[in-house]
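The primary structure of each chain is shown beneath.
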Amino acid sequence: MKKKNFAILFRRTMAVTIMCMLSSFLIFSQNITVKGKVIDVNKESLIGVTIQVQNTSVGTITDIDGNYILSNVPSNAKLEVSYVGMKSQIIEVGGRTSIDVILETDTELLDEVVVVAYGTQKARSVTGAMSRINTDELVDMPVSNITQKMQGKFAGVQILNNSGEPNGNLSIRVRGQASINAGNNPLVVIDGFPSSSGLETLSPDEIESISILKDAASTTLYGSRAANGVILVTTKQGRSGKTEITFNANYGIQDVSSRGMPDVMNAREFAQFKKEYYEDAQKYEGKTTPVPEQYANPASVSEGTDWYKVLLRTANSQNYNLGLQTGTDVVKSSVNLNYNSTEGTIINSYANRFSVRSNNEFKASDRIIFGMNLSASYIDRQVQDGIGIDRQIIGSAFLMDPALKYKNEDGTYPISYSPPGMFGNANYYLVLRDRQNPAKTIRGTVNTYAQVELAEGLKYRISANADMGNFRQERWVPSYVSGGMFSAPPNPAYGSYNTFNYENWLVENTLTYQKTFNEVHDFDVLLGYSAQKSKDISSSINASNYPSDEIGFFNAAQTKVGSGGKSAWSMLSWLSRFNYEYMNRYILSFSYRRDGSSRFGANARWANFPSFSAGWVASEEGFLKDVNNLSFLKLRASWGKVGNNNIGNYTSIASVNNNNYVLDGTIVPGRQLGNIGNNNLTWETTESWNIGADVSLYKDRVFFMYDYYNKVTNGLLYQIDIPYSSGFSNIQSNIGEFRFWGHEFTLQTKNLTGAFKWSTDFNITFDRNKAVKLGTNDTPIGGYNNQVDYNRTAVGKPLGMFYGYVYDGVYMTQEEYDSQPKHASSTVGTVRMKDINGDKKIDSADKTFIGNPNPDFLYGLTNSFSWNNFDASVVISGSVGNDIMDATYEWTENIDAVFNVRKEVAERWRSVENPGKGNIPRTLTGSTELFRYTNSRWVFDGSYLMVKNLTLGYKVPLKSNPFIKSLRFYLTAQNLLTLTKYPGMNPEVSRSGTGGLSFYGVDHTSYPVSRIYTAGINVSF
């Protein structure tokens, strides 16, 4: 009976409980209307504040009086309240229908901590010139190399995608080139370690932020390596109390736009040209060679083979990244695994990369911290050597007779061709398909550190870093693809095996002290000592005399010749920095580094690199406190010296070469002096000053930054003439000086902040440069030869100017020929160049400056949009005022009929009665060479605007669950649109990238840059 009563009581109790739960659920799950007002701490109404139901698309904005009404709100929902320049709030509705909100000013924007040399600093306190970006702003640009994401993002930084090779490096120039013979690349520092690996080994997904240090004040602590700027890369770290697992994946399709492809003749047009060539030779030169049969009837010839397109394919790319960040009060850890596979749009080219990184930090006590960061990468890559330079593979292919077929009707492939009157050539489809040139690179880094807080604000840190790598390349060229233009296959097969190993270690000890006195005096002091050593060893085996094409490994060859090399360098450094800030408005900073390097002469191994900078946060002054809409104003100024030690390891030391001597009629081996050493050889030094301003307006909705810089690089490494009585004609010395100056503007705006958000980042850079001193006699560099010598650097002129003849048309009539200055090869119908020096004849003395590869200004523009769960972005970059020299004209307008030629050649001068359009001369033997000399006809306006990236994303609204935090899909298009007057394929082309003085701005063919269409997914757990 008791059991029965208990059962009845239990059922009744459960029924009541369930009814209560259902009632509560009904009450709190029903949708209601919420209204209210949003004000700031001064009780002023805020217009355009976003109020959104968390994890949904339901939202609204406040009106002119700060009021809002939000319908269809679940009574148990949470509201997200956000406004630009104010701290966001998350408010539980709890069934309320009226909710007023007070928002506070968000000062974190000014107090944001940014990475600087050897530490961090509040953004408001930075006095040097630097630019920074978080990679979460670049997440939707699925590229294998982070440098591609950086284009158009930084003022004062020129980044050129001058080759579309898979996982290829882009060229980076920070505030102009700084050297003639030393390196021009910026120093890459990864998590505090000046790396030998560069950026190409990093997965973009493992990077947290990138800072570019541009002036001497911000780079001084890297001393002798900082003349070309410094790129600081910070990888992702774990955070206390936060665990997140992310998975990103994307798949892309690549192709090459037909815009700008070589405008050469098809088979019918080329047959007509060849027929006329032979006919003109018979008519005007008395030659008796008949028109070859294959060119005798052009009307019967088809369009033939487009040899450029034969080399191309539609390629695929894929990327997968798994990341884990977690942390407690004791341990913080971040692990990132990435796999990227990219096919090249040129057949049989590819790059596969696998990388892993693990960053870990352990808090042993309140005063002691240990850390260990490990990374490794493996790259398997194949791109044929020299594929896009000169007349090798790409350049030779589109010069082929288009009537030739790359594939026979029976499915076999010809191995060579020898058309009438043309050079022998290989089948370049077969060359690319069957030459093997795989390169494998393994790199690993270790960064360990310990930090001890000796007293309040006083910290000692020791770090030990190592960067190790191995590169190996195995080349195999079978006999049927051995050779090329001028040497058609078959030729003897050959192979090689090359290896390169390096080790780079760095130990640093630093002592820092940070203290605030009386809440108005902030001190930050750094003292440090570092020791670094790098060594490498290389070997090469060249193999020949293979018995067959069956086995391509070098061991099968009958002849093997080996060589090798070994080198090392080391450096010791002292460094210090003193930062002082008074009342959050007056800022002073002094930095100093002293480097000693084994690379320099015994008398000049040590150098000092100081810098000084100051800042004034004027907006903290009382007279500006009440200025409407001014949120922040800082004025900056800096001065400093940095150096360039990229001169090679033994340049200052006299070298000894092998040589044979004859003694008593017998050849005996011996040695001879290779060059004279210079014990005074030292750093190239760059001294610069910078002034700038940072302005924030309208509650941080508008941010503006301006910098003007002026820098002089002196002590440039240069070969100076010495008396021949020394046994040598020159010696390497520090004589040369360049000057650089320019203006940089950055503008960031939040245009719309309501339900539809729109923000814009814009930067524009005006860089200038000139040569001030070159050697002992100011002798110009380059431009002396008539061909393949396109650039000249001369005192008083910008660097790397194009130099050659000024094209002036064709001598159209006898009267023109008789009345105009002439070249030794000139006659009626030949090319006419301008008589620059007025001596009535055309010769090398008439060469002059014909173009400038340096742009008037560079710019970048990024627009970002979001609405509900949709987002979009457009990235644009461009250049204005630079010239490009299309050096392929030297071949494609070779009118000796040995190459395929541009279509315009059909309108050449043939006779007074048939003069063409006056742009292309006649094909008369002995008169065509001048037309192939470097001239202004090859120079074009290289200004361009490129849509680098277009992205559309959608974030899936998810109900609260324990599994997936967020899910987002996106589509992107890269290199989508190019607007330019340059007729070539890539207006960013430059054979020497952004470094060196020769081949800068020269298009000598290159691996084509692809359009990439990608679909991707971002998931966080």
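This text gives an overview of the structure that appears in the document. (Residues numbered from 1 in each chain as written. Predicted model: local features only at pLDDT ≥ 70, side-chain atom pairs only at ≥ 80, totals over all residues. Heavy atoms only, no water.)

### A few points about the overall build of the protein chain
Counting its secondary structure elements, the protein chain contains eleven helices and 52 strands. A compact globule built from 1021 residues should have a C-alpha radius of gyration of about 31 Å, and the protein chain, at 34 Å, falls within 12% of that. Each principal axis of the C-alpha atoms in the protein chain carries an extent, and together these give about 125 × 70 × 65 Å. Looking at the protein chain as a whole, 51% of its 1021 residues qualify as buried. Contacts in the protein chain between residues far apart in sequence, at least 24 positions, make up 69% of those at least 6 positions apart. (Helix = DSSP H or I, 4+ residues; strand = E, 2+ residues; numbered from the N terminus. Rg over C-alpha atoms; globule rule 2.2 N^0.38 Å. Buried < 20%, exposed > 50% of the residue type's maximum accessible area, 1.4 Å probe, protein only. Contact = heavy atoms within 4.5 Å.)

### What to know about the pattern of salt bridges
According to the stated counting rule, one finds 39 salt bridges in the structure shown. Across the pair Glu285 and Lys287 runs a salt bridge whose closest N-O atoms are separated by 3.6 Å. Owing to a relative accessible area of 26%, Glu285 belongs among the partly exposed residues under this scheme. Note that Glu621 and Arg585 form a salt bridge whose closest N and O atoms lie 3.3 Å from each other. Here Glu621 is found in the loop between strand 30 (606–617) and helix 9 (622–625), whereas its partner Arg585 is found in the loop between strand 28 (559–582) and strand 29 (586–597), with 36 residues between them in sequence. Ionic contacts of the salt-bridge type, sharing partners, join the residues Glu276, Asp280, Arg908 and Arg910 into one network. (Salt bridge = Lys/Arg side-chain N within 4 Å of Asp/Glu carboxyl O.)

### Description of the sheet that holds strand 44 (residues 848–851)
The strands that make up a sheet are held in pairs by hydrogen bonds between backbone atoms, and each pair lies either parallel or antiparallel. If you walk across this open sheet you meet the three strands as 40-41-44, and the pairing is antiparallel. Strands at the two margins of the open sheet, each flanked by one partner only, are strand 40 (791–792) and strand 44. In the sheet, strand 40 pairs with strand 41 (residues 801–804) via two bridges, with the strands oriented antiparallel. The residue bridging Asn791 from the neighbouring strand is Phe802, located in strand 41. (Pairing = 2+ DSSP bridges.)

### Things to note about helix 5 (residues 267–285)
Over its 19 residues, helix 5 runs 26 Å from end to end, which matches the ideal 27 Å to within 8%, given 1.5 Å per residue. The set of residues buried in helix 5 consists of Ala267, Phe270, Ala271, Phe273, Lys274, Glu276, Tyr277, Tyr278, Asp280 and Ala281. Phi turns positive one or two residues past the end of helix 5, at Gly286, with a value near 70°. (Expected span 1.5 Å × (residues − 1).)

### As for the sheet that holds strand 5 (residues 78–82)
The strand order across the open sheet built from four strands is 3-2-5-6, with neighbouring strands paired in antiparallel fashion. Each edge of the open sheet carries a strand with a single partner, namely strand 3 (59–61) and strand 6 (89–92). On average, each strand axis in the sheet is tilted by 20° relative to the strand beside it, whichever way the strands run. Note that strand 2 (residues 50–53) and strand 3 share three bridges and pair antiparallel. Bridge pairing in strand 3 places Ile51 opposite Thr60. (Axes fitted to C-alpha atoms, helices over the stretch in contact; angles between N-to-C directions.)

### A look at the side chain of Asp886
Considering the arrangement of structural elements, one finds Asp886 in strand 47 (residues 883–886). One buried charged side chain, Asp886, makes no salt bridge at all; its nearest oppositely charged neighbour is Arg902, positioned 6.5 Å away. A distance of 2.4 Å separates polar atoms of two side chains, one belonging to Asp886 and the other to Thr888. Look past the residues within four positions of Asp886 in its chain and what remains in contact with it is Trp938, Phe940, Tyr982 and Asp1003. (Lys, Arg positive; Asp, Glu negative; His and termini not counted. Polar contact = N/O pair within 3.5 Å; in protein donor to acceptor, adjacent residues only side chain to side chain.)

### Side note on the pairing of strand 10 (residues 130–134)
Counting buried residues in strand 10 gives four out of five residues, a clear majority hidden from the surface. Taken together, the five bridges between strand 10 and strand 15 (residues 207–213) define a ladder with antiparallel strand orientation. Bridging across to strand 15, Ile133 finds its partner in Ile210.

### Observations regarding the side chain of Asn167
Relative to the helices and strands, Asn167 resides in the loop between strand 11 (157–160) and strand 12 (171–174). Looking at Asn167, the relative accessible area reads 9%, which means it is buried. Among all residues touching Asn167, those that are not within four sequence positions of it are Ser144, Asn145, Glu200, Ala351, Arg353, Ile379 and Arg381.

### Structural notes on the pairing of strand 16 (residues 230–235)
Counted residue by residue, strand 16 has six buried out of six residues, so it is predominantly covered. Looking at chain direction, strand 13 (residues 187–190) and strand 16 are connected through four bridges and run parallel. Note on strand 16: the bridge partner recorded for Val189 is Leu232. Two elements, strand 15 and strand 16, share six bridges in a ladder whose sense is antiparallel. Looking at strand 16, one finds that Ser211 is bridged to Leu232.

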